[in-house]
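Analysis of the macromolecular model
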Amino acid sequence: MKNVLTAGAAVVDITPKETVFLYGYPHVERYSTGVHDPLLSSALYLSDGLTEVMFIANDVIFISKVTAERVRKRISEATDVPACNIMVTATHTHSGPMTVDYISNESDAAVPGTDGEYVRFMEDQIVAAANEAYRSARPAQLGMSIAEAAGVGTNRRDPSGPSDPQAPVLIVKSADGRAYIAAMVVCSMHPTVLHEDSALISGDFPAMTRQYLQKSVLGGKCPVLYHTAPAGDQSPRHVVRANTFEEARRLGDLLGRAVAKVIASIEYTADLSLGCKCDFVALPRRTFPAVAEAEKNLDLAVQRLE
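Residue numbers restart at each chain and count upward from 1, following the sequence in its written direction. Note on the predicted model: pLDDT of at least 70 is required for a residue's local features to be given, and 80 or more for side-chain atom pairs to be given and counted; whole-chain, interface and lining totals, by contrast, use all residues. As a rule here, side-chain values cover all heavy atoms of the structure and leave hydrogens and water aside.

Secondary structure elements follow DSSP: runs of H or I of four or more residues count as helices, runs of E of two or more count as strands, with numbering from the N terminus. Looking only at helices and strands, one finds five helices and 14 strands in the protein chain. Since a compact globule built from 306 residues should have a radius of gyration of about 19 Å, the 20 Å found for the protein chain is in line with a globular shape. Along the three orthogonal principal directions, the C-alpha set of the protein chain runs to about 70 × 40 × 40 Å. The buried share of the protein chain, taken over its 306 residues, is 49%. Residue contacts are counted whenever heavy atoms from the two residues lie within 4.5 Å of one another. Relative to all contacts within the protein chain whose residues are 6 or more apart in sequence, the contacts with residues 24 or more apart total 78%. With an accessible surface of roughly 16000 Å², the protein chain has 53% of that area assigned to carbon and sulfur atoms. Averaged over its 29 positive side-chain charges, the protein chain has a centre that lies 5 Å from the centre of its 36 negative ones. Our radius of gyration looks at C-alpha atoms and nothing else; its globule reference is 2.2 Å times the residue count to the power 0.38. Between buried and exposed lies partly exposed: a residue is buried under 20% and exposed over 50% of the maximum accessible area for its type, with that area taken using a 1.4 Å probe on protein chains only. Throughout, the Shrake-Rupley method with a 1.4 Å probe supplies accessible areas, and for residues the shown protein chains are the sole cover considered. Only four residue types enter the charge count, namely Lys and Arg as positive and Asp and Glu as negative; His and the chain termini do not. A single reference atom marks each charge: NZ on Lys, CZ on Arg, CG on Asp, CD on Glu.

To count as a disulfide, a pair of cysteine sulfur atoms needs to be within 2.5 Å. All told, the structure shown has zero disulfides when counted by the stated rule. Cys278 provides the cysteine sulfur closest to Cys84, a residue in no disulfide bond, and the two sulfurs are 5.2 Å apart. What makes Cys84 partly exposed here is its relative accessible area of 43%. The thiol of Cys222 is not disulfide-bonded; the next cysteine sulfur, from Cys187, is found 18 Å away.

On to the pairing of strand E1 (residues 6-13), then. Being paired, for any two strands, means DSSP has found at least two bridges between them. Of the strand pairs in this sheet, E1 and strand E4 (residues 40-47) are connected by eight bridges, and their pairing is antiparallel. When the bridges of E4 are listed, Val11 appears paired with Ser42. Sheet topology note: the E1/strand E8 (residues 138-148) ladder contains two bridges and is antiparallel. Directly across from Thr6, in E8, lies its bridge partner Pro139.

Among the secondary structure elements, Ala183 is positioned in strand E11 (residues 180-187). Between the C-alpha atom of Ala183 and that of Thr93, which follows or precedes it by 90 residues, the distance is 19 Å. Every residue in contact with Ala183, bar those within four places of it in the chain, is listed here: Leu170, Ile171, Leu218, Cys222, Pro223, Val224 and Leu225.

Put into structure tokens, the structure is as follows:
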């Protein structure tokens, strides 16, 4: 007996209603003066009749463990999707509000504490997006491919160093193939085209990729989930011509065209089985040297820099 795939997707706005501190660049008092493009929470629900999963991508810099735990619990209670089958991610835009108190900024006078009221609003909206995606589920088919995102960025330490330009793509269509339900893109690249001199709220180049795909392929109302994959040393810094919205648009369109190219050749199926594995990773704490050794290392670093 074939599995019956159903899918639903939804988008809600998580743009702050008031001026907020734009988090992502230390030692800079950077408060928003307006909105260039809205921040969104985009949700995709999938079920094969036995297993249910939920993906939720958010245009913010971080999703804390506490936030993830709270929204998973609330979504699970409202939809019966197991909490461990719900993935909540952040695009990691550096042009949005703070969502967690980050230990490296603990003594940074320019960086205020996280606004708890905004976090509550964001969590409510994430839950709303998930619930709407769940309620809108209908028979569907999906297909997957991998886009080549070369040109969006490089290794930020060394342009010839390790990098991963491959961007997995998942597309969900209605069972009859006539309408797009959702798209999901995963890219290993920091969204840091915009720097500390930009005072407008923005999703950076991932938002431009979303807009390109909606305008060129998917339709303006199709949710596009963008997940930032492991990207610790992946940055646009060596490929950008300027830190402007025009440049964010150029890189966003570049990625959008790469995704659109593979969408054209994707084969779809409704006969598939979903699975999910969940685990918690305990990251080892860093061990710091003694003061005398640290001072010696600092002196050596200064000499090398000079």
